[in-house]
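Residue-level listing of the chains:
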Amino acid sequence: MAFQKPPGTQDILPGAVERWQYAEQKARDICRRFNFREIRTPIFESTELFQRGVGETTDIVEKEMYTFTDRGNRSITLRPEGTAGVVRSYVENKLYGEPDVSKLYYIGPMFRYERQQAGRYRQFHQFGIEALGSVDPAIDAEVIALGYTFYTEVGLKDVRVDINSVGTPEVRAAFREKLLAFLMPKRELLCKDCQSRMERNPLRVLDCKVDQAHFEGAPSILDSLDEECNTHFDKVKTYLSDMGIPFTINPRLVRGLDYYTHTAFEYKAEGIGAIDTIGGGGRYNGLVSEIGGPDQPGVGLGLGLERTIMLLEHQQTELANAHQVDVYVVALGEAAEREVTRLVYELRTSGIRAERDYLGRKMKAQMKSADRLQARFTAILGDDELSRGEIALKEMATGKQRFVSLASLASELKSI
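Residues numbered from 1 in each chain as written. Predicted model: local features only at pLDDT ≥ 70, side-chain atom pairs only at ≥ 80, totals over all residues. Heavy atoms only, no water.

Novice: Even after reading the chapter, I still don't get the packing of aromatic side chains, so can you show me in this structure?
Specialist: Pairs of aromatic rings are described using the distance from one ring centre to the other and the angle between the two planes. Counting across every chain of the model gives six aromatic pairs. When the ring of phenylalanine 265 is compared with that of tyrosine 267, the centres are 5.7 Å apart and the planes differ by 75°; the resulting orientation is edge-to-face. By the ring-pair criterion, three or more aromatic residues cluster together here, those being Phe127, Phe150, Tyr151, Phe265 and Tyr267. When the ring centre of tyrosine 358 is taken as origin, the NZ or CZ atom of arginine 356, which lies over that ring, is 4.7 Å away. (Phe/Tyr/Trp six-rings, centres within 6.5 Å; stacked < 30°, edge-to-face > 60°. Lys NZ or Arg CZ within 6 Å of the ring centre and 35° of its normal.)

Novice: Looking at this model, I keep getting lost on helix H11 (residues 334–349). Mind explaining?
Specialist: One full turn of an α-helix is made of 3.6 residues, so residues set three or four places apart face in the same direction. With 16 residues, H11 should cover 22 Å at 1.5 Å per step; its first-to-last C-alpha distance of 24 Å lies within 8% of that length. Turning to H11, its buried residues are Ala336, Glu339, Val340, Leu343, Val344 and Leu347. Residues of H11 that are buried in the fold lie against strand E12 (327–332), strand E13 (354–356), strand E14 (377–382), helix H13 (383–388), strand E15 (390–395) and helix H14 (409–415). Positive phi appears at glycine 351, one or two residues downstream of H11, with a value of about 95°. (Helix = DSSP H or I, 4+ residues; strand = E, 2+ residues; numbered from the N terminus. Expected span 1.5 Å × (residues − 1). Buried < 20%, exposed > 50% of the residue type's maximum accessible area, 1.4 Å probe, protein only. Contact = heavy atoms within 4.5 Å.)

Novice: What's the story with the packing of helix H5 (residues 137–154) against helix H8 (residues 227–243) in this structure? I'm lost.
Specialist: A pair of packed helices is characterised by two quantities: the angle between their axes and the separation of those axes. Contact geometry for H5 and H8: axes closest at 8 Å, N-to-C directions at 45°. Looking at the two axes, H5 sits oblique to H8. Both H5 and H8 take part in a crossing whose hand is right-handed. Here Pro137, Ala138, Asp140, Ala141, Glu142, Ile144 and Ala145 of H5 lie close against H8, whose contacting residues are His232, Lys235, Val236, Tyr239, Leu240 and Met243. Residue composition of the contact of H5 with H8, by class: nine nonpolar, one polar and three charged. (Axes fitted to C-alpha atoms, helices over the stretch in contact; angles between N-to-C directions. Parallel < 35°, antiparallel > 145°, perpendicular 65-115°, else oblique. Left-handed = near helix turned anticlockwise from the far one by under 90°. Nonpolar A, V, L, I, M, F, W, Y, C, P; charged D, E, K, R; others polar.)

Novice: Explain the pattern of salt bridges here, please?
Specialist: Side chains that differ in sign of charge can pair as their charged atoms come close. Overall, the coordinates contain 29 salt bridges when judged by the stated rule. Two residues, glutamate 38 and arginine 28, come together in a salt bridge whose shortest N-O distance is 2.9 Å. Taken together, the residues span a long stretch of sequence, with glutamate 38 in strand E1 (residues 37–38) and arginine 28 in helix H1 (residues 17–33) at a distance of ten residues. The class of glutamate 38 is partly exposed, set by a relative accessible area of 30%. The closest approach of N and O atoms between arginine 33 and aspartate 29, which form a salt bridge, is 2.9 Å. One end of the pair, arginine 33, and the other, aspartate 29, are both in helix H1, four residues apart, so they sit about a helical turn from each other. Aspartate 29 sits in the partly exposed class, given a relative accessible area of 26%. Through salt bridges with shared partners, a single network forms among Arg160, Glu266, Lys268, Glu270 and Asp276. (Salt bridge = Lys/Arg side-chain N within 4 Å of Asp/Glu carboxyl O.)

Novice: Help me understand the environment of isoleucine 139, please; the structure alone is not making it clear to me.
Specialist: By secondary structure assignment, the location of isoleucine 139 is in helix H5. A sequence separation of 239 residues divides isoleucine 139 from threonine 378, and the C-alpha atoms of the two residues are 50 Å apart. With sequence-adjacent residues up to four places away left out, isoleucine 139 is seen in contact with Ala131, Ser134, Arg283 and Val299.

Novice: Before we go on, may I ask you to explain the pairing of strand E9 (residues 261–272) in this structure?
Specialist: It is a general feature of regular strands that their side chains alternate between the two faces of the sheet. In terms of residue burial, E9 counts as a mostly covered element, since ten of its twelve residues are buried. Relative to E9, strand E7 (residues 160–165) is paired through six bridges, and the arrangement is antiparallel. When the bridges of E9 are listed, valine 161 appears paired with tyrosine 267. Pairing geometry for E9 and strand E10 (residues 275–283), over seven bridges, is antiparallel. If you follow phenylalanine 265 over to E10, its bridge partner there is glycine 281. (Pairing = 2+ DSSP bridges.)

Novice: In this structure, what is going on with the sheet that holds strand E16 (residues 401–405)? I would like to understand it.
Specialist: Backbone hydrogen bonds hold the strands of a sheet together, and the pairing may be parallel or antiparallel. In spatial order, the strands read E13-E12-E14-E15-E16; together these five strands make up an open sheet with mixed pairing. Strands with a single pairing partner mark the edges of an open sheet, and in this sheet they are E13 and E16. Shown here is a sheet whose adjacent strand axes are inclined to one another by a mean of 30°, direction ignored. In terms of strand pairing, E15 meets E16 through five bridges, oriented antiparallel. The residue bridging glutamate 390 from the neighbouring strand is serine 405, located in E16. Contacts from H11 reach E12, E13, E14 and E15 within the one sheet, and its direction differs from that of E12 by about 165°. Across the face of the sheet, helix H12 (residues 363–372) comes into contact with E12, E14 and E15 while running at roughly 175° to E12.

Novice: Is there a simple way to think about a negative patch on the surface in this case?
Specialist: Taken together, the side chains of Glu170, Asp226, Glu227 and Glu228 present a region of like negative charge at the surface. Turning to its location among the elements, aspartate 226 is positioned in the loop between helix H7 (192–200) and H8. (Patch = residues over 30% accessible without salt bridge, like charges linked within 9 Å, V, L, I, M, F, W, Y side chains within 5 Å. Areas by Shrake-Rupley, 256 points an atom, 1.4 Å probe, with all protein chains shown as cover. Lys, Arg positive; Asp, Glu negative; His and termini not counted. Charge placed at Lys NZ, Arg CZ, Asp CG, Glu CD.)

Novice: It is not clear to me how the nonpolar core should be interpreted in this structure. Could you clarify?
Specialist: Across soluble globular proteins, you tend to see nonpolar side chains buried next to one another. Among the nonpolar cores identified, the biggest contains 43 residues, and Phe127, Ile129, Phe150, Tyr267 and Ile278 are the most heavily contacted of them. Take this core: its biggest share by element is ten residues, from H5. In this structure, Ile39, Phe50, Ile60 and Tyr284 belong to the second largest nonpolar core, which totals 27 residues. (Core = buried A, V, L, I, M, F, W, Y, C linked by side-chain atoms within 4.5 Å.)

Here it is in structure tokens:
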């Protein structure tokens, strides 16, 4: 029986992986400009970290985690999201002792046992950032702006930003009673998940994708915010407007994780079936202390790379540089064949993307290979050219050809 990839996973093959590399490179460049530094944490952690950090009433913890007992009889979970592991590392390594805000980013795989649909995988990849140590609403706006900048610079069109304030635990406790009074008469009309959430975490009912029609006229948490929450939210909106970041206030936006306080936000775009949310995040002022650290505030985001790539393909976004190789070197003759081995190595160590034939093909077949690889140039070396210390350099787009010295080929290619 032939082996196949597990359900909910994918092989990212050459020809497709270049879009991933492009998006990841863009993410790293933007983080460098925003002064976020990379952090790499394990892809598995103690199960309790996610139970406490993500929230025991979330769909992630209740239904979606890949959890197993290891040989040391410890309960281990493949990370379903990135924030909890980063915060654990922040606490364990005492990064809170640094004098400045800890601004961190990560790119890597996450794991959730989810129902398969367009843009949703059981192993998926996130680009995320976390800013720990500041309550300033300006850092909330910076995080939102970074995500919007990523989508804009990677080439996506019509990306929308929804924002909300989910207040503090005290605000949510008061709002909980108002929301329950609205929901109880509708209880039997709601799905089983919503009925269960009403007893444990009724704010999560508003996150339901099935019952939105029943929530018309529901109380808004924005009407329950205290002065501190209103001031924070107003400043976030002001900073976003000052930066020219377009946004819409969505009072039903609560996100699917329990740790959010104050600011919550999502990025939305059309083009991947029923799903329109492509990333999101928020502030989490109680999370650090919840998992055993000091009372340090934080704010962050997580952006799904699968959905980003799907939208790039749907919108037919062209990559900045489609060429796979700079030069394809063709050898004609036994002596030329030996010289090409040395020459290609020299080009590669000079920073030039170079390729050659390894199948013993004739010149016509080698030129077709160069065309498939979208080579900018072909360099053709025969035994006669080798004796003169020259090589024919052909520009594939125009067909123009000229001779250059073998010794200067690398510098010639760099200068073009």
